[in-house]
2 protein chains.
Amino acid sequence: MDAMGGDNAPGPEVAGARLAAEAGVAEVVLVGDQERIERALGSARRSPRLSVRHASEVVTMEDNPGQAYRKKRDSSLRVAFELCKAGKVDAVVSAGNSGAVLSHGLFVLGRLPGVERPGIVAVFPTPNGATLTLCDMGANVEVKATMLAQFGLFAACFAQVVGGKARPRLGLLSNGAESHKGTELTRAADALLCSAAEHPDAAFEYLGYVEGSELFRGHIDAVCTDGFTGNIVLKLSEGVSEAVMRMIKRRLESSPRAKLGGLLAKPALLSLKREIDYAEIGGAPLVGLRGLAVICHGRSDPLAIKNGIAAAARLSEAGLLPRLGDAVARHGRLWEGPGSSSKEEGPRAERDQSPSDGAHHSKESA
Amino acid sequence: MDAMGGDNAPGPEVAGARLAAEAGVAEVVLVGDQERIERALGSARRSPRLSVRHASEVVTMEDNPGQAYRKKRDSSLRVAFELCKAGKVDAVVSAGNSGAVLSHGLFVLGRLPGVERPGIVAVFPTPNGATLTLCDMGANVEVKATMLAQFGLFAACFAQVVGGKARPRLGLLSNGAESHKGTELTRAADALLCSAAEHPDAAFEYLGYVEGSELFRGHIDAVCTDGFTGNIVLKLSEGVSEAVMRMIKRRLESSPRAKLGGLLAKPALLSLKREIDYAEIGGAPLVGLRGLAVICHGRSDPLAIKNGIAAAARLSEAGLLPRLGDAVARHGRLWEGPGSSSKEEGPRAERDQSPSDGAHHSKESA
């Protein structure tokens with residue numbers, strides 16, 4: 001656990017890590033300023049599942065991610081990823097600068113073989129009790145068709161490993177269902193996903209373009225989009241459900257009858273609010289690295305941090321990484337088919353990410 | 001009223017036009033197959049505000065908009081726009097192929113001077129009773145920075161004229177609030193809007209980038225985005241509010257206590273559902289033409305058609321077109337400033353839209 005990343009670090013990180021350790025969710029190493037972490041831990045009896053690893057520097061929201069990587073060699077974020085690379089921890093959780101989490105992950109861990117760019121995954125509840133997995137939620141703002149198609153593979157794998165769907169139904173987010181809709185980018189990605197879905201052991205069933213109105217109807221398991229649109233989808237979904245809940249609250253205060261009804265329905269509505277609430281869902285996994293990383297909201301409270309740690313533990317136990325690596329290897333050659341823009345750049349092996357070109361390519365967000 | 005556009009035309013169009021005429025909302029000319037319209041009107045006494053204009057052809061959802069314009073010269077859509085151009089009607093309402101509405105509007109009416117591309121506007125309710133105006137909701141999938149900035153002007157003007165905001169607060173939809181976020185496109189549009197807002201009679205106050213989570217919090221009056229993202233925002237907002245309402249319904253059936261509460265709160269919740277419901281909001285105005293056009297959903301029922309007609313009448317009475325023309329003229333020169341990509345194409349006057357280049361350029365959607 002990067003203890004120094006969030007807006008109010010290290011308080012919520014330390015409290016959340018303690019909750020996770022005490023609940024037996026995971027063994028947690030708090031990485032960061034030892035003195036401040038110890039102070040936040042206080043003198044209470046400490047869970048044996050909780051330890052501290054000192055790191056003297058902090059990557060801030062204002063830092064340029066690439067520069068921070070080169071200049072802050074003892075940052076809590078970098079040290080956390082180095083522990084992961086050394087096999088001392090299974091996953092990194094951070095509530096810090098998400099662009100920095102992405103680039104530190106890339107520079108320290110590198111990508112799984114065949115992965116072009118890691119993507120951020122988000123999981124949403126749907127009304128029929130199923131979940132919807134989306135990728136990319138903001139790691140890559142300007143993307144190529146091959147990346148977009150891979151985000152589909154990530155989302156589908158995630159729905160398979162975590163959501164238990166044998167053959168997830170995958171859609172590509174667009175502005176209309178017909179294949180002539182969309183942009184040049186989505187049309188090229190659509191062609192790649194169509195041909196990938198014909199693979200005999202395809203990791204998914206491909207539904208083609210899906211529209212914004214369809215996402216939460218329960219017939220879609222996984223959706224891919226670019227990080228710009230994905231970030232807007234993520235935050236808008238939050239915003240709209242908040243707005244509807246506020247509108248309902250107002251309506252339930254509009255008459256004595258509605259007030260009484262609201263009072264009786266309150267426990268049911270509160271349980272729904274909890275289901276939708278960000279803090280309960282946990283962090284957003286960053287997928288495609290040679291290691292697991294989970295990004296929590298900068299304003300995470302201890303419960304959100306605990307849920308982020310729990311999500312990381314679940315992904316590790318479910319074997320997301322080997323399953324994903326396998327799926328990418330299986331589908332990899334299809335990305336090179338006709339319509340793939342990756343051809344322009346020559347063989348994949350020649351352009352493996354190095355810290356310097358990674359810093360140049362990465363347009364982070366979220 | 002293009003009587004032949006919708007999925008179930010002309011039934012809902014005729015019934016909706018009748019509702020509008022009988023309510024005194026507008027005088028309506030139903031344009032389309034006279035025999036089928038007369039049959040749908042039936043033998044009941046007809047409002048003097050309702051008339052029929054025969055047109056023998058229909059533009060379908062499968063038609064290529066540009067080809068349909070050239071080959072179907074007597075289509076209901078084309079004839080409706082020609083009536084508008086001739087000054088015989090004030091606005092065109094259609095539930096047809098929105099790409100075709102856009103291109104027919106462009107070819108028949110042309111653009112207001114200084115307008116690069118017309119945009120589709122949508123108006124959303126917010127929890128505090130205010131409204132949020134967004135543009136473009138799907139007319140232009142691939143855009144330039146100058147177009148994106150103009151969509152901001154359209155949305156702001158709309159919020160001014162229709163929403164009664166003296167100086168609307170305008171935001172540019174992005175994946176983060178900081179100005180280094182976004183894409184190359186949004187950064188260029190952000191620079192244009194920043195400089196436009198410094199104009200002494202700026203039509204808006206510019207808030208910079210806004211995120212998806214902020215849209216419905218009530219502090220933003222107008223938002224601009226490209227038509228790809230805008231279409232997803234429009235449909236996702238619909239989808240999320242539907243999903244939340246369905247989740248609430250399920251929760252209100254989860255226990256006897258919740259059931260009783262739900263029963264008592266039902267009228268209040270139904271009135272909210274109506275407020276959010278698509279049919280009640282009416283159509284989406286297409287803004288930037290030398291004439292008014294309102295696009296209704298293909299599956300519009302008579303009430304939605306009536307609301308579309310009412311929206312067109314309101315825009316006409318409020319003088320949206322002259323106000324918009326004035327704002328574009330006032331802000332026009334600012335689009336030519338540094339960072340404007342319109343410079344690439346030479347002076348605006350030289351590239352006034354002709355039917356053939358219009359058909360080529362327009363990548364329609366929605």
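Since this is a predicted model, take the numbers as computed values, not measurements.

Parameters and conventions
- Each chain has its residues counted from 1, following the order in which its sequence is written.
- Chain A is the first chain written and ligand 1 is the first ligand written, with later ones labelled in order.
- Whole-chain, interface and lining totals are the exception, using all residues; otherwise, since this is a predicted model, local features are given only for residues with pLDDT of at least 70 and side-chain atom pairs are given and counted only at 80 or more.
- Derived side-chain values reflect all non-hydrogen atoms in the structure, with water molecules and hydrogen atoms excluded from consideration.
- What makes a nonpolar core is a set of buried Ala, Val, Leu, Ile, Met, Phe, Trp, Tyr and Cys residues whose side-chain atoms join them at distances within 4.5 Å.
- Residue exposure (1.4 Å probe, protein chains only): buried if accessible area is under 20% of the type maximum, exposed if over 50%, otherwise partly exposed.
- The contact criterion used is simple: two residues touch if any of their non-hydrogen atoms lie within 4.5 Å.
- Helix and strand definitions here come from DSSP, where helices need a minimum of 4 consecutive H or I residues and strands a minimum of 2 consecutive E residues; each element is numbered from the N-terminal end.
- Polar contacts, as used here, are pairs of N or O atoms within 3.5 Å; protein pairs need one atom able to donate a hydrogen and one able to accept it. Residues neighboring in sequence count only if both atoms are side-chain atoms.
- The angle between two axes is taken between their N-to-C directions and runs from 0 to 180 degrees, where each axis is a line fitted to C-alpha atoms and a helix contributes only its stretch in contact.
- If an angle is under 35 degrees, it is roughly parallel; if it is over 145, roughly antiparallel; if it lies from 65 to 115, roughly perpendicular; otherwise it is oblique.
- Left-handed is the label given to a crossing in which the near helix is rotated counterclockwise from the far helix by less than a right angle, and right-handed is the label when the rotation is clockwise.
- In this classification, Asp, Glu, Lys and Arg are treated as charged, Ala, Val, Leu, Ile, Met, Phe, Trp, Tyr, Cys and Pro as nonpolar, and every other residue, Gly included, as polar.
- Buried area, as used here, totals the accessible surface that two parts lose on assembly, with accessibility defined by a 1.4 Å probe and the loss added over both.
- By definition here, a salt bridge exists when the distance from a side-chain nitrogen of Lys or Arg to a carboxyl oxygen of Asp or Glu is within 4 Å.
- To estimate how far a helix should reach, multiply one less than its number of residues by 1.5 Å.
- Strands pair, by our definition, only if DSSP identifies at least two bridges between them.

**Student:** Account for the nonpolar core, with residues named and values stated.
**Tutor:** Within the largest apolar cluster, 108 residues are counted, with the highest numbers of intra-cluster contacts made by Phe81(A), Leu215(A), Leu286(A), Phe81(B), Leu215(B) and Leu286(B). Setting aside residues up to four positions removed in sequence, Leu215(B) forms contacts with Leu236(A), Leu132(B), Leu134(B), Leu173(B), Val210(B), Ile220(B), Val223(B) and Val233(B).

**Student:** Talk me through the side chain of Thr229(A); I want residue IDs and the actual numbers.
**Tutor:** Turning to its location among the elements, Thr229(A) is positioned in helix α8 (residues 227-251). For Thr229(A), a relative accessible area of 2% translates into the label buried. There is a polar contact of 2.7 Å between the side chain of Thr229(A) and the side chain of Asp226(A). When residues no more than four places from it in sequence are discounted, the contact partners of Thr229(A) are Leu173(A), Phe228(B) and Ile232(B).

**Student:** Give a description of the packing of helix α4 (residues 76-85) of chain B against helix α5 (residues 98-108) of chain B that names residues and reports values.
**Tutor:** All names here are of chain B. Between α4 and α5, the least distance of the axes is 10 Å, while the angle of their chain directions is 40 degrees. Our classification of the angle between α4 and α5 gives oblique. For the pair α4 and α5, the crossing hand works out as right-handed. Residues Leu77, Arg78, Phe81, Glu82 and Lys85 of α4 lie in contact with α5, whose contacting residues are Ala100, Val101, His104, Gly105 and Val108. Its residues assigned to classes, the contact of α4 with α5 comprises five nonpolar, two polar and three charged.

**Student:** Please set out the interface of chain A and chain B residue by residue, giving values where relevant.
**Tutor:** Taken together, the contacts link 62 residues of chain A with 62 residues of chain B. The junction of chain A with chain B conceals about 5,300 Å² of combined surface from both sides, 65% of it contributed by carbon and sulfur atoms. At the junction of chain A with chain B, the criterion picks out four salt bridges. Among the elements of the structure, α7 (184-197), α8 and α9 (256-276) of chain A are those that each provide at least two residues to the side of chain A that touches chain B. For the side of chain A that touches chain B, the element with the most residues is α8(A), which contributes 20 residues.

**Student:** Give a description of helix α6 (residues 145-161) of chain A that names residues and reports values.
**Tutor:** Under the 1.5 Å per step criterion, the end-to-end length of α6(A) is 24 Å for 17 residues, consistent within 8% with the ideal 24 Å. Here α6(A) lies mainly inside the structure; 17 of its 17 residues are buried.

**Student:** How would you explain the sheet that holds strand β10 (residues 292-295) of chain B if you had to name every residue and give the values?
**Tutor:** All names here are of chain B. Read across the sheet, eight strands follow the order β3-β10-β9-β4-β5-β8-β6-β7 without closing on themselves; strand pairing throughout is mixed. With partners counted over all chains shown, the strands left at the sheet margins are β3 (91-94) and β7 (205-210), one partner each. Averaged over all adjacent pairs, the angle separating strand axes in this sheet is 25 degrees, with direction ignored. Here three bridges tie strand β5 (residues 131-135) to strand β8 (residues 222-224), and the two strands are oriented parallel to one another. Counterpart to Thr133 in the pairing with β8 is Ala222.

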